[in-house]
Amino acid sequence: MLELYLDTADVEQVARFNECLPVKGVTTNPSILANSGIGLNQVLPVLAKILGSDARFHVQVVSQTVENMVKEARQIAALPYDMVIKVPATELGLAAIKLMKAEAIPVLATAVYSAHQGFLAALCGADYLAPYVNRIDAMGGDGVGVVADLQLLLDRHRLACKILPASFKNTQQALDVLKLGVGAITLPVDVAEQMFGHPAVQPAVDQFTRD
């Protein structure tokens, strides 16, 4: 079954969408946490209470060396929640991913901008890959195309890794990657909201009410 995540640390929005959608968990990064004005240790207990014991949280390391990335990953993985460690898919990040997987730490390779970059992360054992769809588009590339190529590579080589596309500007981008059979997706709040926002819906409901 598809894993649906919200790309936010906004507690109120998570509670809102959890009431109407099967939210698996939350993805964060240092920028999201900084903008939310709340620390990881403060927000996780609140989110876990909202989403329940089966919730999964993706949290990114910020260290700049392989040794410190692994050390930080151990600390995050030791938290009393279902944690996945986000690691940038750089040369150092891939080295860290190999060491984390040797310790059976769940990993998401993030900041994926090309199919070959994501494929290498999958070969290193990453459990999830996060291609940045809209950021790739903004650079003149084809974000959905990268996801398609990456999904094909995973299927062709039978790698047990889920693509978790991120960075969306509109619902069409999200729909396009869902058509490819990805195993997970994370949506920013505004795009999740757009999915309810077809202009014909409310007038139809109002007409039904009047009738």
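Owing to the predicted nature of the structure, the values given are computational and were not obtained by experimental measurement. (Residues numbered from 1 in each chain as written. Predicted model: local features only at pLDDT ≥ 70, side-chain atom pairs only at ≥ 80, totals over all residues. Heavy atoms only, no water.)

(A) Just the nonpolar core, in detail. Among the nonpolar cores identified, the biggest contains 59 residues, and Phe-57, Ile-85, Val-87, Met-100, Leu-129, Phe-168 and Leu-187 are the most heavily contacted of them. Phe-57 has contacts with Val-26, Leu-44, Leu-47, Ala-48, Leu-51, Tyr-81, Asp-82, Met-83 and Val-84, leaving out every residue within four places of it along the chain. (Core = buried A, V, L, I, M, F, W, Y, C linked by side-chain atoms within 4.5 Å. Buried < 20%, exposed > 50% of the residue type's maximum accessible area, 1.4 Å probe, protein only. Contact = heavy atoms within 4.5 Å.)

(B) Geometry of the sheet that holds strand S4 (residues 82-88). Read from one edge of the open sheet, eight strands run S7-S6-S5-S4-S3-S2-S1-S8, paired in parallel fashion. Of all strands in the sheet, those bounded by a partner on one side alone are strand S7 (162-163) and strand S8 (184-187). Of the pairings in the sheet, the one linking strand S3 (residues 56-60) to S4 comprises five bridges and is parallel in character. Counterpart to Arg-56 in the pairing with S4 is Asp-82. (Pairing = 2+ DSSP bridges. Helix = DSSP H or I, 4+ residues; strand = E, 2+ residues; numbered from the N terminus.)

(C) Region of interest: the pairing of S8. The two faces of S8 match: Ala-184 and Thr-186 on one face and Ile-185 and Leu-187 on the other face are all buried. Direction of pairing for strand S1 (residues 3-7) relative to S8: parallel, over a ladder of four bridges. The residue of S8 that forms the bridge with Leu-6 is Leu-187.

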